[in-house]
6 protein chains.
Amino acid sequence: MALIPDNTLITATPEEGRALAIMIARKTIGAIQPDAEVRGELRPAYANDADSLTAAGHVVAIEFATVAAANNYWRG
Amino acid sequence: MALIPDNTLITATPEEGRALAIMIARKTIGAIQPDAEVRGELRPAYANDADSLTAAGHVVAIEFATVAAANNYWRG
Amino acid sequence: MALIPDNTLITATPEEGRALAIMIARKTIGAIQPDAEVRGELRPAYANDADSLTAAGHVVAIEFATVAAANNYWRG
Amino acid sequence: MALIPDNTLITATPEEGRALAIMIARKTIGAIQPDAEVRGELRPAYANDADSLTAAGHVVAIEFATVAAANNYWRG
Amino acid sequence: MALIPDNTLITATPEEGRALAIMIARKTIGAIQPDAEVRGELRPAYANDADSLTAAGHVVAIEFATVAAANNYWRG
Amino acid sequence: MALIPDNTLITATPEEGRALAIMIARKTIGAIQPDAEVRGELRPAYANDADSLTAAGHVVAIEFATVAAANNYWRG
């Protein structure tokens, strides 16, 4: 199983970097709970709870901070 | 769907950077829960709960840390 | 509405930087819940709950990390 | 009211820096809930709840990260 | 007991760095609750709760930020 | 009471740095709740709750980020 898609933090754009941050966050959930059926059962309640959504967005924000730093914030 | 509006973290001012941080946080919630109707139904309870508001502000603070670093803190 | 008072992260002193961090955190709550009456109604419960106060202080700590970095920690 | 004691993040030692981090965290709680009597009433429950203590320690950890960076980690 | 496997934060790839972040997070839980039987009993409930999974992923994100910085984001 | 054992963030190895991070986190809990008997009473419930353990591990992750930065990630 790949925890980091394409095994790199480098992306061409901020948009791709954000998508990578979301994927990285999801892959780790998959590593902790490898049963896709269980994850699927958890999804409805979680995707319909504002605090759960905020918590998920929080993790993406942290992953994105790392990806953005890796890419020198795509400044150039 | 655009996760990062205008596909850049660079803004002219701190004010614009903060607005971007808020938008980035919201776009990710939209990516996790793409159904706008569901998001709309969640909003009243969440916007009227102090802890939910604090949690949302927490995420914006983290996004802003990234945007501010990307802009060298608009030091001039 | 101003999300970042005076549109700068630069302050003369750590004390002013901390006050700015508190203000920035509050302005974002105001952006998410623009109804001042609702915010006023939420305040008593929140200001009398230890965990809510800790959560609010947590957000200020993160905002301050950004403001302090912007000011090179006022190292002088 | 002073939010940052002595209006500086610079301390002679890590020990003093950690004490400063604790004080900074407390001063902000005092700014949000200025009524010392209320804070005193909240303390027993909070100081006897493991999760509340962990949450308070969490905030101190973030404040300390800022103070430590300000002092170049007292490397010299 | 080793808290940091191989006693280094340096890894050859982002994938290995992410796996290290997960291991570091787990080793610390093991240090706080050394009884493997207790940890095993806690696992089913935790691995079937969306918010618990998000919280665990959150910790991994923070550990990974450190590992990624240690490796200069494997830019080279 | 020492908040930072040996009054330094510098350690010889990542393993020692991680152990320091755990100790720093604990010392602050001790500063907030100085009664060792109370802390001892809180421990069983907390060490047997997955979310409490994750929250404690979260704080250690943040302390470790600071210790690791202080040591330039023990790169050399």
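Criteria and thresholds
Residues numbered from 1 in each chain as written. Chains lettered and ligands numbered in written order. Predicted model: local features only at pLDDT ≥ 70, side-chain atom pairs only at ≥ 80, totals over all residues. Heavy atoms only, no water. Least-squares fit on C-alpha atoms with pLDDT ≥ 70 in both. Contact = heavy atoms within 4.5 Å. Buried area = accessible area lost by both parts, 1.4 Å probe. Salt bridge = Lys/Arg side-chain N within 4 Å of Asp/Glu carboxyl O. Polar contact = N/O pair within 3.5 Å; in protein donor to acceptor, adjacent residues only side chain to side chain. Helix = DSSP H or I, 4+ residues; strand = E, 2+ residues; numbered from the N terminus. Axes fitted to C-alpha atoms, helices over the stretch in contact; angles between N-to-C directions. Parallel < 35°, antiparallel > 145°, perpendicular 65-115°, else oblique. Left-handed = near helix turned anticlockwise from the far one by under 90°. Buried < 20%, exposed > 50% of the residue type's maximum accessible area, 1.4 Å probe, protein only. Phe/Tyr/Trp six-rings, centres within 6.5 Å; stacked < 30°, edge-to-face > 60°. Lys NZ or Arg CZ within 6 Å of the ring centre and 35° of its normal.

Under an unreviewed UniProt entry, the name given to chain A is Hexameric tyrosine-coordinated heme protein (HTHP), and the organism recorded is Candidatus Neomicrothrix parvicella RN1.

Asker: Where do I start with the relation of the copies chain F and chain E in this structure?
Answerer: Here the two chain copies are tied together by a rotation about an axis and a shift along that axis. Here chain F sits on chain E after a turn of 60° about the axis and a move of 0.0 Å along it, with an RMSD of 0.0 Å. What the rotation and shift describe, once combined, is the action of a six-fold rotation axis. Among all residues of chain F, the minimum C-alpha distance to the rotation axis is found for F:Ile62, at 7.1 Å. Residue by residue, only 14% of the interface of chain F is reproduced at the interface of chain E, so the copies engage with different surfaces.

Asker: Would you take a moment to explain the interface of chain E and chain A for this structure?
Answerer: Accessible area lost during the coming together of the parts is what is often quoted as the interface size. Tallying the contact residues gives 28 residues for chain E and 28 residues for chain A. Across the interface of chain E and chain A, roughly 2,300 Å² is buried in total on both sides, 65% from carbon and sulfur atoms. Our count for the contact surface shared by chain E and chain A stands at 1 salt bridge. A salt bridge links E:Arg18 to A:Glu63; the nearest nitrogen and oxygen atoms lie 2.6 Å apart. Here chain E is connected to chain A by 10 residue pairs in polar contact (both at pLDDT 80 or more). Listing elements by their share of the side of chain E that touches chain A, those giving two or more residues are helix H1 (14–32), helix H2 (36–47) and helix H3 (50–70) of chain E. At 13 residues, the largest contribution of residues to the side of chain E that touches chain A is made by H3(E).

Asker: Could you clarify how one ought to interpret the packing of helix H1 (residues 14–32) of chain B against helix H3 (residues 50–70) of chain B in this entry?
Answerer: The relative placement of two packed helices is expressed as an angle between their axes plus a distance between the axes. Residue and element names in this part refer to chain B. Their axes nearest at 8 Å, the elements H1 and H3 cross at an angle of 125°. Here H3 runs oblique to H1, going by the angle between their axes. Like other packed secondary-structure pairs, H1 and H3 cross with a definite hand, here right-handed. Residues Pro 14, Gly 17, Arg 18, Leu 20, Ala 21, Ile 22, Ile 24 and Ala 25 of H1 form the contact with H3, whose own contacting residues are Val 59, Val 60, Ala 61, Glu 63, Phe 64 and Val 67.

Asker: Just to check I follow, could you spell out the side chain of B:Thr13 for this structure?
Answerer: In this structure, B:Thr13 sits in the segment before H1. Of note is the side chain of B:Thr13, whose polar atom sits 3.1 Å from the backbone nitrogen of B:Glu16. In contact with B:Thr13, other than residues within four places in its own chain, are B:Trp74 and C:Asn7.

Asker: Help me understand unusual backbone geometry in this model?
Answerer: A negative phi angle characterises most non-glycine residues, just as the trans form characterises most peptide bonds. The phi dihedral of E:Tyr73 falls on the positive side, at around 60°, and the residue is not glycine. Mapped onto the secondary structure, E:Tyr73 falls in the segment after H3. One non-glycine residue with positive phi stands out, namely F:Trp74, at about 50°. With respect to the helices and strands, the residue F:Trp74 is situated in the segment after helix H3 (50–70). Residue F:Trp74 is classed as buried on the basis of its relative accessible area, which comes to 14%.

Asker: In this structure, what is going on with the packing of aromatic side chains? I would like to understand it.
Answerer: Each aromatic ring pair is characterised by the separation of its centres together with the angle its planes make. One pass over the structure, following the stated rule, counts 6 aromatic pairs over all chains. Relative to D:Trp74, the ring of D:Phe64 lies with its centre 5.8 Å away and its plane at 20°, an arrangement referred to as stacked. Residue D:Phe64 is located in helix H3 (residues 50–70), and its partner D:Trp74 is located in the segment after H3; the two are separated by 10 residues in the primary sequence. Its guanidinium or amino end placed over the ring of E:Phe64, E:Arg18 lies 4.9 Å from that ring's centre, counting from NZ or CZ.

Asker: Quick question: what am I supposed to make of the relation of the copies chain E and chain A here?
Answerer: Once turned by 60° and shifted 0.0 Å along the axis, chain E lies on chain A with an RMSD of 0.0 Å. A share of only 14% of interface residues in chain E that are also interface residues in chain A marks the association as one of differing surfaces.

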